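# A look at the structure
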Amino acid sequence: MPLRVRSKAVPSERVSSPHHHIELNDVALPNIAHDDPFRDIVKKISSYISEVIHTPVSFEQLRTTSAGDELHSLVEYLTIEVKNPAIVNALLALKWHYGAIVDGRGLSEARANACEIVAWRFLTRLSEREVVEFCLYEIPDPCNKGNLPSDEEYAADGESNERTALLPGTNIPSEPSRHLSDARRGSIRRSQLFESVSKLTMSRHASNVEEDEVDPTAPFINLNALEIAAIADAKRFLSQHIVQRIITGIWNGEIIFWDRLSANSTKKPRFYNPNTADPFSRLRVPKYLKAYEVAFFCGFLLLYYSVLIEQNRYAITPVEVLLYIWFTAFIYDEVSEYIDAGSIFYATDVWNAFDLVMIAIGIVYFVLRCVGLYKKDYVLVDIAFDVLALEALFMVPRVFSILSLSPYWGTLIPCLKAMGADFLKFMVLVVVLYLGFLTTFSLVGREAFSFRHMAMIVTKIFFGSSYVGFDVMYQIDPIFGPPLMFIFVILSSILLMGSLTGMLSNSFSRVITHAREEYLYVYSVYVLEASTSNRLTHFYPPFNLLALIIFRPLRLFATGNTLRYGRIVLLRATHAPIVALIQTYEWVASRLYKSSVDGFQGPQRDSTKRPVAPPPNRPHSSYRPQMPSPRANSSELINKAKQQNHAANGTTDKQADVDARITELSAKIDRLTALVVALQPTESVEFDRT
């Protein structure tokens, strides 16, 4: 029989899928204007991140799954609509804020990861020059109104010639700026910077009148995004290829902060142009600073060996005088480095701990040597030379510290630091057990062994000489000696040593898993520590003693400009041979490695590579499809803007291409899921047999 099909009328408006209702409740994107101050940006982004990240998710989930869709929307919005240069600074400050909170659920860690992901994804959508500008943008001082004393008047206040504005008539740093200068020198620690961000995030609904009384962002003034990332332990951000290109550019001197050595120079990140830059500005390149540091320590080691081999007990020799001059220059350079970098950066570099120990040993040696010669106590003089011999334990590794900049050796140092920290924690348990058994054995065997002798026996047993304990256990006590000794040997040689070995192995595995991030973090901190100084003139040791002796007394009556001109003249006179060596090296390197173009291209804008444009029917690599949503930043607007941005940016990095392919696969899965949900049946068809 024929079939008769009868269908119901299609409703005028289809019922939306459940996903559509979820999108309707999305949080509005933060409205960030170009001239918004840093404090307002932190508040707005903090409010958005707190709303969209409300469940504990891992870093990989935020990066590769739909849990990070809202972050993708934020990145696209920041790329297309926002031009405020403090965006990356605010994101990394919030990363630090959320990362320092321990809530037990992992929610704060998820928000910290979200801020870090948004920061480096935002950078991948910018041109090379824009990335440099955003990463090296220093938060300005909002209180710099120009109503402060002139530079010459402020110059009489001690540190003027290197810390105040270099242009005559430029504004002098306000109180928050001086507050930050103290922060760089260590008076403001991590806790105070963390409190600054906490005040912003907790008071984002407070009144403006209350907020203006004390600016909580004052400690962040004059910090750039890379410095905040180093303080915040944003190791994933610093290990990104686009960020490492900036770090490497600073290391090689392709990006500089000072291009002229004159009293009118200002600190500003810029690409190095050998045709216009002052050759003496190359003295600030971290690569050359490290090379000179190695040469300085080699000379230091040569003088050290000369003094110890001669060991004149009765008088100070000319070589020893030269060693004292070298050592004094080393101390003054370390003090200057601590002042420029601040305690946060200074403590991150493990070699600075070696420097501090070397300084302590050298001061003890000098005091004992002078006292012994003055009193003619040659036993004390011999002790002084013995103390100086300890210097080799730290000076020889310090000479080879340049190896820590290589990936292999640079990876081992964080592993050793983590293992050392766990070892010290474990030794607390060892000391407790050691003292307990030492007390018991000393009291039980007090008739046969003295306390010192028993302490040595127990120490030998602990370090593996178990047979010593078995030889003396009956002498300690025929009844309690054997069982106590068996228990101690089992605990020390088997249980404790096995536990210690397993714990150190876990520590090594935990760090080596993220070895690249750890190495790049240490490398980045060193480069930033060596390059972001606010000093116009930087004297290499031992020439820094000349500047100290000549210009420190002149500060009592000379003006700031006079001191600056004097320091520049002295720097040119003393460092001309070093600059000549640097220029020769760069000339030879440019001839040998002409075809190697892996760094920044500087002011040039043309590229030999052909821009890779996406096919017309294929979404851009950074595209992630979204469900139907009334958002202002629709997928069409994003794709159109991104295609224009991509055409302007030029080439695409290899690592970015790999990430793009992964993102495309994830996007296709999301689109397929959306298609299945959208095609759910909304019509019902009835078939009747007649």
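Residues numbered from 1 in each chain as written. Predicted model: local features only at pLDDT ≥ 70, side-chain atom pairs only at ≥ 80, totals over all residues. Heavy atoms only, no water.

### With respect to the overall build of the chain
Across its full length, the chain carries 29 helices and four strands. A burial count over the chain gives 46% of its 690 residues as buried. Sequence separation of at least 24 residues holds for 79% of the intrachain contacts in the chain that already meet a minimum separation of 6. Summed over its atoms, the accessible surface of the chain is roughly 35900 Å², and 62% of this surface lies on carbon and sulfur atoms. (Helix = DSSP H or I, 4+ residues; strand = E, 2+ residues; numbered from the N terminus. Buried < 20%, exposed > 50% of the residue type's maximum accessible area, 1.4 Å probe, protein only. Contact = heavy atoms within 4.5 Å. Areas by Shrake-Rupley, 256 points an atom, 1.4 Å probe, with all protein chains shown as cover.)

### Considerations on the pattern of salt bridges
All chains considered together, the criterion is met by 15 salt bridges. Among the salt bridges present, the one from E293 reaches K290, with a minimum N-O distance of 2.9 Å. Taken together, the residues span about one helical turn, with E293 and K290 both in helix α16 (residues 286-310) at a distance of three residues. Under the relative-accessibility criterion, E293 is labelled buried at 19%. With a relative accessible area of 4%, K290 lands in the buried category. A single salt-bridge network, built from bridges that share partners, covers K290, E293, D355 and R398. (Salt bridge = Lys/Arg side-chain N within 4 Å of Asp/Glu carboxyl O.)

### So, the environment of S281
If you trace the backbone, S281 turns up in the loop between β3 (270-271) and α16. Residues in contact with S281, not counting those within four places in the same chain, are W258 and D259.

### A few points about the packing of helix α7 (residues 128-135) against helix α15 (residues 241-252)
Relative orientation of the contacting elements α7 and α15 amounts to 75 degrees, with a least axis distance of 11 Å. Considered as vectors, α7 and α15 are oriented roughly perpendicular to each other. Contact with α7, carried on its side by E128, V131, V132 and C135, involves I242, R245 and I246 of α15 and no other residues of that element. Split into classes, the residues belonging to the contact of α7 with α15 amount to five nonpolar, no polar and two charged. (Axes fitted to C-alpha atoms, helices over the stretch in contact; angles between N-to-C directions. Parallel < 35°, antiparallel > 145°, perpendicular 65-115°, else oblique. Nonpolar A, V, L, I, M, F, W, Y, C, P; charged D, E, K, R; others polar.)

### Regarding the packing of α16 against helix α27 (residues 560-592)
Contact geometry for α16 and α27: axes closest at 12 Å, N-to-C directions at 120 degrees. The angle between α16 and α27 falls in the class oblique. By crossing handedness, the relation of α16 to α27 is classed as right-handed. On the side of α16, the interface is formed by K287, Y288 and Y292, while α27 contributes I578, I582, Y585 and E586. Residues of the contact of α16 with α27, tallied by class, amount to five nonpolar, no polar and two charged. (Left-handed = near helix turned anticlockwise from the far one by under 90°.)

### A look at helix α22 (residues 451-462)
Here α22 spans 16 Å end to end across twelve residues, near enough to the 16 Å set by a 1.5 Å rise per residue. Of all the positions in α22, only M454, A455, I457, V458, I461 and F462 are classed as buried. The buried side chains of α22 occupy one side of the element, clustering within an arc of 160 degrees when seen end-on. Looking at the buried positions of α22, the neighbouring elements they touch are α21 (407-444), α23 (466-476) and α24 (481-513). Of the residues trailing α22, G464 is marked for its positive phi of about 110 degrees. (Expected span 1.5 Å × (residues − 1). Arc of directions from axis to C-beta.)

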